[in-house]
Amino acid sequence: MKQADQQPNRFGRLSVVPNRLLAFFFVGFLRQVCPMVVIIESFVGLCLGKLQRMITEEAILILGVKEELIELQQRIEQIKPYLNDAEQRGTEHSAFNKWLGRLKDAMYDADDIVDLARFEGTKLLADHPQGSSGKPTSYTGFSTFSCFSNIHIRHEIGGKIRNLNKIIKSIAKDKVFLTGNRAQSTERSSSASKMTNSSPLVEPNLVGKEVMNDSKKLVNLILTHNDKKAYKIAIVGIGGVGKTTLAQKIYNDIKLKGNFNKQAWVCVSKDYSPASVLRHILRITEVHHDADESIGELLNRLASAIKDKSFFLVLDDVWQSDVWTNLLRIPMHAAATGTILFTTRYDTIARELGSSYIHRVELLSVDVGWELLWKSMDITEEKQVQNLRDIGIEIVKKCGLLPLAIKVIARVLAPKDQSQNEWKKILNKSTWSMNKLPSEISGAFYLSYEDLPSNLKQCFRYCAVYPEDSYINMYDITKMWIAEGFIDEQEGQLLEDTAEEYYYELVRRNLLQRDYSNFLQYVCKMHDLVRQLACHLTRDECFVGDPESLGGNRLHRLRCISVVTEKDMVVVPNIGKEKVKVRTFSNASSPLRIDDKIFKRFLCLRVLDLSYSQIQNISCHIGKLIHLRFLDLHGTNISCLPESIGFLINLQTLDLSSCSSLQTLPLEIIKLGNLRCLCLHKTPINQVPKGISWLKLLNDLEGFPVGGYNDNTSTQSGWHLEELAPLLHLRNIEIIKLERAVQCSTDPIVHDKKYLKILSLCCTQHRNKPYLEMDVNNIEKIFEQLIPPRSLEDLVIEGFFGRRNPTWLSNNYLSSLLYLNIIHCKSWVHLPPVGQLPELKYLRIVGATSVSKVGREFVGCLVDNPISTEIIAFPKLEWLVIDNMPNWEEWSFVKEDVVAATQGENDGATAKGKQKGMFLRLKLFPRLEKLDIVRCPMLRALPEQLSQVTSLKILQLRKAGRLKMVENVPFLSDFLLITGCGCLQRVYNLPLVERLKVRRCPQLRSVNRLGSLRLLSLGARMQKISSPWILRLQEQRQLLHGEDLDVIIG
């Protein structure tokens, strides 16, 4: 041990008792200080983990800096005990904040030095002669070879480490730290909640009842005034009270859908961009526009698009009236009629906008707030509800009677003991009234943040890099978290799996809000109030806006930049010789040109997101970004990658998807030994380097092109399937051009991939060209070899031209499968028997053009055996989509021989009863909520067994031209859509349907026994034929419910 480590000082040596005693007093002090403590604690853990892993690596041994790194590790370990379990409190201690800032900078510098040492050591290893085994020689210390040939590099890195050790030593001796308030805290630190794998808590519809009533009132108001040139309604209320929820309900109301030619929704936000607002409206209304058009050109396009049309526009979260008065007012006057719905926090804004009607969303009542709390926690016992009522009401009041705050605090309370004492601990926390929080942020949000485990705090704060109202993609954000080092390694689990657990935990706690229009639930948003908290916590490190507006003093302190600008180019300000410390740089604006300075000056980058930018050439200087882990070039027009990309030895994610001009991957790709994700989805790659199997850490490989088979060159047209065999960490793989594959000698190919969750198997479709018999036989054998592991959750089969489906899809082998997409399998005459897959939730079948009948084979029953016992088919399926099956005529789950036998019965009722007895033993779709039948013009009838489906909410029938009747679906409870069904004559016995929409059904003569129908929407051309049965439905509504049926025609 070096002399510096042996000398005792006021900070103390690594003796147990003094450290614990000092830590006891110090933690009490830290509980009163800023949230930076937890940030530093996380970085300390990160640095120690890295140091521990790399000190014995050959790259460090050959560099000769092992002793310096050991000293660095020991000094950081000395600091760590004083940060453990520190809680966050508001602070006035500016001196202590500066001390923490110095410590944090030191931890960032340590992280950079670790990368630099590994990078230079790896270069030395690459140049070092290898032994007879072909592997680098092992070292026990600093070799003579590396000393004399690379002494300058060794000296430089050793000097950096020694300087950092001095800085950390100085920080440890700082008088602010040593003379801090050591008074014992009166409040013991409670540990943060652990993550839970429990099922999601229920979302009670209490607030929804009020929203429904208000929505109905405002929709009727809009319809009454829809002939006005510009009718303006404002929804006003404080943040988090439910303004956006109400506006969404109005925007999606079926009554309004047929009353406006065009409609658009745009979130304006506080620092809105006029060009972005205009582009968003044009995109929503499907108006073509170029990326480089000026605001004036965009305004002209909008005016032309809505000229002489009716237009419904929602402007959500308006902070300034000029978005209307100075931007949208003039083009909107081109519309024949227009309704504009604003949401805003301020009455003054509503008046400045000239609102014709102002609707105020009030806070919840105490009783409703309390009911929302306990129902959000799924408390069912009446005695427990009464026991917790008084303290629960106090908590609801602390939440300011805001629905969002109540839901957030429910997630804090849910995993704890449901006792008065436990709830009192939450109620009495000083966090509720933090002095330093902005006034609009409820203490409930900070309390929820405080309750997070340490690593989740980092992940939550990082979400501030997303601009307001942005969609947050789970696959992107989790890879960024990994790149920043926020994810702990767990034995037997990939970092990506752990990161997804973190993501879903933030969703469960309502800190991220799912987009329920996305069935796979990998897209979410952050409520603006919650985002304000994240922005407050990262205010000194994260910037969202135009970086050119930053002064040099601000830029050199930043760690994250997300670009939002009106300009067509990202310009980086000059800060002289100051080091740029930015670790994340993200393009969040419309297509931008990128300043080359990013590759020359932003040398600390971990995350570089240039997706959808106008960059066409990647600078060779990118090789200097040795810390880079995440590089996203999705949707750019690059045509090649520089050779210097091979220097990015830390790169984990390389996203080249949808790069339409990129056809070749450089040889240097296979040098990226830490690469975990290579995305080539929808990129026309036709030349790849040999050796993809060397990238052992790859777990996400999208767009793997099959090809190759040329042993004489270093590149090939694609990769062999056998090259997948060594990639044991694969978690998500998309294999394309499978028609070019040859049978493999390696077996299995993907079966042994224990982490594999998502698998896409794709063939290129031949257009108007029959397949040769040898090709058909070959593709069937290839697919037989591609046996997935049983743990697979998501499967896509696209363009398969074999006649027989793979045997592994013909039973319940894939026992964990959740999502199945079968696309353009045009040679199958029967659908695969997937009805016995026990976990399947989503099934989509598109383009099975040879199928004419769907029957019991689809269920998975043996066709030659009668049903003797009850069989449950599709036990967990929630959504079924069948699309583009032009030859499909019959859908029944009763065997033809049963039908034929019963047709001979003299008594029709007896025959029908026997048939019914047969299929009653088949329990079909017990959890199905949504059924879509699209572009199936020959389908004659829906299966009778739909009458058993008790959970069905939505049935949508589009372009089912020969369908004559929709009847006897007694449990369909919400919405029926029928459009383009030219032979449809009757809709009958749907007693629970509340909404019916019919378009282009000219033969529909009878609609009856829809006792719950409250809304009927008809196409304009159906007005004449519908008048008789509309009258009956109106009378039925009055008789059963005492109110009018809402009828929309248009």
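The protein chain appears in an unreviewed UniProt entry as AAA+ ATPase domain-containing protein from Leersia perrieri. According to UniProt, the comment filed for the protein chain under the heading Sequence similarities (unreviewed entry) is "Belongs to the disease resistance NB-LRR family."

Visitor: So what exactly am I meant to see when it comes to the environment of Gln78 here?
Guide: On the secondary structure map, Gln78 appears in helix H5 (residues 66–79). Sequence separation between Gln78 and Lys169 is 91 residues, and the spatial gap between their C-alpha atoms is 9.9 Å.

Visitor: Could you clarify how one ought to interpret helix H21 (residues 443–450) in this entry?
Guide: Side chains three or four residues apart in an α-helix point the same way, a direct result of the helix having 3.6 residues per turn. Counting buried positions along H21 yields eight of eight residues, so the element is predominantly enclosed. Along H21, the positions that sit buried rather than exposed are Gly443, Ala444, Phe445, Tyr446, Leu447, Ser448, Tyr449 and Glu450. Check the buried side of H21 and you find it contacts helix H19 (403–413), helix H20 (420–427), helix H22 (454–462) and helix H25 (528–537).

Visitor: I keep staring at the sheet that holds strand E37 (residues 1006–1008) and nothing clicks. Help me out?
Guide: The strand order across the open sheet built from three strands is E33-E35-E37, with neighbouring strands paired in parallel fashion. Edge positions in the open sheet fall to strand E33 (965–967) and E37, since each of these has one partner strand only. Each strand axis lies, on average, 5° off the axis of its neighbour in the sheet, ignoring direction.

Visitor: Quick question: what am I supposed to make of the state of the cysteines here?
Guide: In protein chemistry, a disulfide is the covalent bond that joins the sulfur atoms of two cysteines. Within the structure shown, the criterion is met by zero disulfides. Residue Cys981 stays outside any disulfide, its sulfur separated by 4.9 Å from that of Cys1001, the closest cysteine. Relative accessible area serves as the criterion here: at 0%, Cys981 is assigned to the buried category. Cys983 takes part in no disulfide bond, and the closest cysteine sulfur to it belongs to Cys981, at a distance of 9.1 Å. The class for Cys983 is partly exposed, based on a relative accessible area of 32%.

Visitor: Please explain the sheet that holds strand E7 (residues 513–514) as it appears in this structure.
Guide: Strand pairing in a sheet relies on backbone hydrogen bonds. The paired strands run either parallel or antiparallel. Spatial ordering of the open sheet is given by E6-E8-E7, a layout of three strands whose pairing is antiparallel. At either margin of the open sheet sits one strand with a lone partner, and together these are strand E6 (472–473) and E7. The pairing of E7 with strand E8 (residues 523–525) spans two bridges and is antiparallel. Bridging from a neighbouring strand, Arg514 pairs with Cys524 of E8.

Visitor: Would you mind going over the packing of aromatic side chains with me for this structure?
Guide: To describe a pair of aromatic rings, one takes the distance between the centres and the angle between the planes. With the rule as written, the count across this model stands at 21 aromatic pairs. Judged by centre distance (5.2 Å) and plane angle (80°), the rings of Tyr503 and Tyr504 are edge-to-face. Note on Tyr503: relative accessible area 0%, which makes it buried. Summarising the aromatic geometry, the rings of Phe783 and Phe800 are spaced 4.4 Å apart at their centres and angled 50° between planes, so their arrangement reads as tilted. With a gap of 17 residues between them, Phe783 in helix H28 (residues 773–785) and Phe800 in the loop between strand E23 (794–798) and strand E24 (819–823) connect regions that are remote in the sequence. Looking at Phe783, the relative accessible area reads 0%, which means it is buried. Among the aromatic residues, those joined into a cluster by ring pairs are Tyr251, Phe260, Trp265 and Phe312. Over the face of the ring belonging to Tyr471 we find Lys525, whose NZ or CZ atom lies 4.4 Å from the ring centre. Above the plane of the ring of Tyr988 lies Arg986, whose end atom (NZ or CZ) is 4.0 Å from the centre.

Visitor: Even after reading the chapter, I still don't get the pairing of strand E22 (residues 758–762), so can you show me in this structure?
Guide: For a regular strand, side-chain orientation follows a simple rule: the groups alternate between the two sheet faces. A large share of E22 lies buried, amounting to five of its five residues. A two-sided burial pattern is seen for E22, the buried positions comprising Ile758, Ser760 and Cys762 on one face and Leu759 and Leu761 on the other. Pairing of E22 with E23 involves five bridges; the strand directions are parallel. Residue pairing in the sheet places Leu761 in a bridge with Ile797 of E23.

Criteria and thresholds
Residues numbered from 1 in each chain as written. Predicted model: local features only at pLDDT ≥ 70, side-chain atom pairs only at ≥ 80, totals over all residues. Heavy atoms only, no water. UniProt positions renumbered as here; feature names shortened; annotations may be inferred. Helix = DSSP H or I, 4+ residues; strand = E, 2+ residues; numbered from the N terminus. Buried < 20%, exposed > 50% of the residue type's maximum accessible area, 1.4 Å probe, protein only. Contact = heavy atoms within 4.5 Å. Pairing = 2+ DSSP bridges. Axes fitted to C-alpha atoms, helices over the stretch in contact; angles between N-to-C directions. Disulfide = S-S within 2.5 Å. Phe/Tyr/Trp six-rings, centres within 6.5 Å; stacked < 30°, edge-to-face > 60°. Lys NZ or Arg CZ within 6 Å of the ring centre and 35° of its normal.

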